[in-house]
Amino acid sequence: MGRESALAIQLRVLFALVMREMTTRYGRSVGGYVWALLEPAGTVALLTVIFAQIARQPPLGDSFAMFFATGYLAFHVYMDVSRAVSASVKVNRALLTFPRVTMVDTVIARFVLQLLTSVVLFALVIGAVLAVTGAQTRIDVLYVLLSLMLAALFGLGVGAINCVLFAFSATWERVFGVINRPMFLISGALFVIEDLPRPLQEMLWWNPLVHVTSAMRRGFYPYYEASVMSPAYVVLVSLSLLVLGVLLLRALRGKMLEG
Amino acid sequence: MIRFERVSKSYVADGRRKWLLRDVSMAWPRGRSVGLLGRNGAGKSTLLRMIGGAIEPDSGAIRRKGRISWPLGFTGGFHGSLTGAQNARFVARIYGVDTDDMLERVDDFSELGPFLHMPVSTYSSGMRARLAFAVSMAIDFDVYLVDEITAVGDAAFKRKCLEAFRAKLGRADVIMVSHAPATILEYCHVGVVIEDGRLSWHTDVRAALAEHDVNMRGPPPTL
């Protein structure tokens, strides 16, 4: 039995966890994957139908489907990632039997798997919207990637904190669910922040998700300048949450082991 | 090699602090099998789980070298919605054992037959225990942790478990908790008695059993 490096063990544990997550989450039914695809696509379709009745033109371009897809799907990446990461402690407590597996490992595994899934879903739904609407656009891939990266990073930060807090407080889990619900309305899926009145703009600027949707729109609408967007702000907030979450995970490991 | 560096562990019961370990430093050498002795509630099982890493000390550190098993027979680590085979593969991946090799050995040892490919949530507790035992036998641990060799399955299966376990002991050490002095004498060279937050080490397991005997006759120290 050779002595292995810590890195080799780490990578093996992560691989084992990703395989395990894949079988437990989607392995048993194709339905899981289909629903993961239909939910965001359906929301975009619904928004398109409703707003096409109310307004004559979307705030950017001339396709409602394109406008809502670029906003909602970016927001959706955040939602999926934060939800997946938030559950990592609760779902995997039994794994602590194996001292090689740490809670930080399960956070990383769930993050990686969800990020890959979310990016594929995003590409599929956006591709479908482009095909259906026949929209002609020059896509700036760098901004699209920037938006996905910011959405995932913020989701990771929020999830890392919440996976600890949820494990200790069911009340907070419920309260957070209530706070998180209207997030969709104030995250720029439905509007462009630069169009809003000044005081409202200054308030909503603090929501990191506004910058996520701005970056995505910047990627799909070449003439949209996203003049108030600040990726650095999102990175700063996300990394602070992430560091705090990892510190909590380590500090409270003993408590979590004893349940 | 397992090394305790100023390890403390306590809990509060009925408003009083009870020490399981109080500032204990100790090296557990390789090549010796250890019997853990102590009165009920002295902390034997907790100590075993601390060695395995499933419980953390309040202060101090436990350093480990080599592969240490989870307490043998413990079935809590399996995922109910995964099949026995999928769970076995997961453990194989964590410990760097070939997954096909693991499956073959588990299939052969556990005698679960077609149930190996059913979700673990459908297993009886006996089937879970057989799976757990088979999985831990398929990995070559350097140290096996045993919390009472409990009865698994029928007499034939019990005999098979003991044989497999004895075969392992040629290459691995064991740290064992048992209430039966005969079992301790059979498997262990040295003894450690846990009493009132201290560990006392005896190079002869019989001396440890003698001290344990004296403890059991005396009044509990905390009352």
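Residues numbered from 1 in each chain as written. Chains lettered and ligands numbered in written order. Predicted model: local features only at pLDDT ≥ 70, side-chain atom pairs only at ≥ 80, totals over all residues. Heavy atoms only, no water.

A. Focus on the overall build of chain A. Within chain A, the secondary structure is distributed over 11 helices and 0 strands. Its helices and strands taken in sequence order, chain A reads α-α-α-α-α-α-α-α-α-α-α from the N to the C terminus. Relative to its length of 259 residues, chain A is compact, with a C-alpha radius of gyration of 20 Å against a globular reference of 18 Å. Overall size of chain A, expressed as C-alpha extent along the three principal axes, is 65 × 40 × 35 Å. In chain A, which comprises 259 residues, the proportion classed as buried is 47%. (Helix = DSSP H or I, 4+ residues; strand = E, 2+ residues; numbered from the N terminus. Rg over C-alpha atoms; globule rule 2.2 N^0.38 Å. Buried < 20%, exposed > 50% of the residue type's maximum accessible area, 1.4 Å probe, protein only.)

B. Main features of the confidence of the model for chain A. When pLDDT is averaged along chain A, the result is 89, and 96% of the positions lie at 70 or above. Model confidence for chain A, summarised as mean pLDDT per element, is weakest for helix α11 (residues 253–257) of chain A at 70 and strongest for helix α9 (residues 208–220) of chain A at 96. (pLDDT = per-residue confidence, 0-100.)

C. Highlighting the pairing of strand β3 (residues 34–37) of chain B. Residues and elements named next belong to chain B. The alternating pattern of β3 places V34 and L36 and G35 and L37 on opposite faces, both of which are buried. Pairing of β3 with strand β6 (residues 173–177), which is carried by 3 bridges, proceeds in the parallel orientation. Paired with L36 across the strands is V177, a residue of β6. Examined bridge by bridge, β3 and strand β7 (residues 190–195) share 4 bridges and lie parallel to one another. Across the sheet, residue L36 finds its bridge partner in β7, namely V192. (Pairing = 2+ DSSP bridges.)

D. Representation of the packing of helix α3 (residues 64–86) of chain A against helix α5 (residues 103–133) of chain A within the structure. Residues and elements named next belong to chain A. As a packed pair, α3 and α5 sit with axes 9 Å apart at the nearest point and diverge in direction by 165 degrees. In terms of axis orientation, α3 runs roughly antiparallel to α5. You can see that α3 and α5 cross each other, and the crossing is right-handed. Contacts from A65, M66, A69, T70, L73, V77, D80, V81, A84 and V85 in α3 reach V107, R110, F111, Q114, S118, F122, V125, I126, V129, L130 and T133 in α5. (Axes fitted to C-alpha atoms, helices over the stretch in contact; angles between N-to-C directions. Parallel < 35°, antiparallel > 145°, perpendicular 65-115°, else oblique. Left-handed = near helix turned anticlockwise from the far one by under 90°. Contact = heavy atoms within 4.5 Å.)

E. Representation of the packing of aromatic side chains within the structure. Residues and elements named next belong to chain A. Tallying each qualifying case throughout the model produces 24 aromatic pairs over all chains. With 5.3 Å between their ring centres and 90 degrees between their planes, Y72 and F184 make a pair best called edge-to-face. Of this pair, Y72 sits in helix α3 while F184 sits in the loop between α7 (170–180) and α8 (198–204), and the two are 112 residues apart along the sequence. Neither residue differs from the other here; Y72 and F184 are each classed as buried. Between W205 and W206 the ring centres are 5.2 Å apart and the planes differ by 85 degrees, which places this aromatic pair in the edge-to-face class. Judged by its relative accessible area of 23%, W205 is partly exposed. (Phe/Tyr/Trp six-rings, centres within 6.5 Å; stacked < 30°, edge-to-face > 60°.)

F. Representation of the interface of chain B and chain A. Listed per partner, the contact involves 25 residues of chain B and 24 residues of chain A. Taking both partners together, chain B and chain A bury about 2300 Å²; carbon and sulfur atoms supply 63% of that area. When the buried surface of chain B facing chain A is broken down by residue, B:F90, B:R93 and B:I94 rank first, second and third, together holding 28% of it. If you look at where chain B meets chain A, you find 0 salt bridges. Across the contact surface, chain B and chain A share 2 residue pairs in polar contact (both at pLDDT 80 or more). At 7 residues, helix α2 (residues 84–95) of chain B tops the list of elements feeding residues into the side of chain B that touches chain A. For the side of chain B that touches chain A, the class distribution of residues is 9 nonpolar, 10 polar and 6 charged. (Buried area = accessible area lost by both parts, 1.4 Å probe. Salt bridge = Lys/Arg side-chain N within 4 Å of Asp/Glu carboxyl O. Polar contact = N/O pair within 3.5 Å; in protein donor to acceptor, adjacent residues only side chain to side chain. Nonpolar A, V, L, I, M, F, W, Y, C, P; charged D, E, K, R; others polar.)

G. Fine view of the domain arrangement of chain B. Here the domain parsing of chain B yields domain 1 (2–67 + 176–217) and domain 2 (75–139). Computed from C-alpha atoms alone, the centre-to-centre distance between domain 1 of chain B and domain 2 of chain B is 30 Å. (Domains from an automatic or database assignment.)

H. Region of interest: the environment of A:Y223. Residue and element names in this part refer to chain A. By secondary structure assignment, the location of Y223 is in the loop between α9 and α10 (231–251). Note on Y223: relative accessible area 53%, which makes it exposed. In the structure, Y223 is positioned 135 residues away from S88 in sequence and 41 Å away in space, judged by C-alpha atoms.

I. Spatial organisation of the sheet that holds strand β8 (residues 198–202) of chain B. Residues and elements named next belong to chain B. As summarised here, the arrangement of the 5 strands in space is β5-β6-β3-β7-β8, forming an open sheet in which the pairing is mixed. Each edge of the open sheet is held by one strand with a lone partner, namely β5 (143–147) and β8. Within the sheet, the average angular offset between the axes of one strand and its neighbour, ignoring direction, is 20 degrees.

J. Quick peek at the side chain of A:R110. Residues and elements named next belong to chain A. Along the polypeptide, R110 turns up in helix α5. R110 sits in the buried class, given a relative accessible area of 9%. Of note is the side chain of R110, whose polar atom sits 2.6 Å from the backbone oxygen of A84. Contact partners of R110, with chain neighbours within four places excluded, come to E21, A84, A87, S88, V91 and N92.

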